[in-house]
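Fold and geometry: a report
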Amino acid sequence: MPGLLRGVARTAVVAGTATAVSNRVSRRQQGRWAEQEYQQAQVQAAPQPAPPPATTTPLTDDMSSKIDQLKQLGDLKAQGVLTEAEFAEQKRRLLG
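Residues numbered from 1 in each chain as written. Predicted model: local features only at pLDDT ≥ 70, side-chain atom pairs only at ≥ 80, totals over all residues. Heavy atoms only, no water.

Let us now look at the overall build of the protein. For the protein, the count of helices and strands is 3 helices and 0 strands. Put simply, the protein runs from its N terminus to its C terminus through helices and strands in the order α-α-α. Expressed as a percentage of its 96 residues, the buried residues of the protein come to 4%. When the accessible surface of the protein is totalled, it reaches about 8,500 Å², and 59% of it is carbon and sulfur. (Helix = DSSP H or I, 4+ residues; strand = E, 2+ residues; numbered from the N terminus. Buried < 20%, exposed > 50% of the residue type's maximum accessible area, 1.4 Å probe, protein only. Areas by Shrake-Rupley, 256 points an atom, 1.4 Å probe, with all protein chains shown as cover.)

Tallied over the entire structure, the rule returns 0 aromatic pairs. When the ring centre of Phe87 is taken as origin, the NZ or CZ atom of Lys77, which lies over that ring, is 5.0 Å away. (Phe/Tyr/Trp six-rings, centres within 6.5 Å; stacked < 30°, edge-to-face > 60°. Lys NZ or Arg CZ within 6 Å of the ring centre and 35° of its normal.)

With that settled, the discussion passes to the pattern of salt bridges. Enumeration over the complete set of coordinates arrives at 3 salt bridges. A salt bridge links Glu89 to Arg92; its shortest N-O distance comes to 2.6 Å. One end of the pair is Glu89 and the other is Arg92, both in helix α3 (residues 84-95) and 3 residues apart, which spans about a single turn. For Glu89, a relative accessible area of 28% gives the class partly exposed. Residue Glu89 pairs with Arg93 through a salt bridge whose shortest N-O separation is 3.1 Å. Remark: Arg93 and Glu89 occur in helix α3; sequence separation between them is 4 residues, near one turn of the helix. (Salt bridge = Lys/Arg side-chain N within 4 Å of Asp/Glu carboxyl O.)

Our focus in this paragraph is a positive patch on the surface. A surface patch of like charges, here positive, comprises Arg24, Arg27, Arg28 and Arg32. Its relative accessible area of 45% is what places Arg28 among the partly exposed residues. (Patch = residues over 30% accessible without salt bridge, like charges linked within 9 Å, V, L, I, M, F, W, Y side chains within 5 Å. Lys, Arg positive; Asp, Glu negative; His and termini not counted. Charge placed at Lys NZ, Arg CZ, Asp CG, Glu CD.)

Attention shifts here to the confidence of the model for the protein. On average, the protein scores 83 in pLDDT, and the residues at 70 or more come to 89%. Across the protein, α3 holds the top mean pLDDT of 88, while helix α2 (residues 58-79) sits lowest at 83. (pLDDT = per-residue confidence, 0-100.)

As structure tokens, this is what we get:
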């Protein structure tokens, strides 16, 4: 009978240890999965980058417009419509 009790006790200890280890592994794995899901949710919730600007930017169009206006001012000055002071004032307003 002592041999039988020893066998039953050994089995109980082994089974208890196996259960404890199995539960610990399960908890750790669930924690890892939860962390991965959290990280994926953070990535999906991150703001999307703005689309690249169009090939012709407003700055380029604005500069082109200013150049055209300066050419017109130059033509008016060359024709004698604008004086040197008027030309300088209009140029300052346009550029500055």
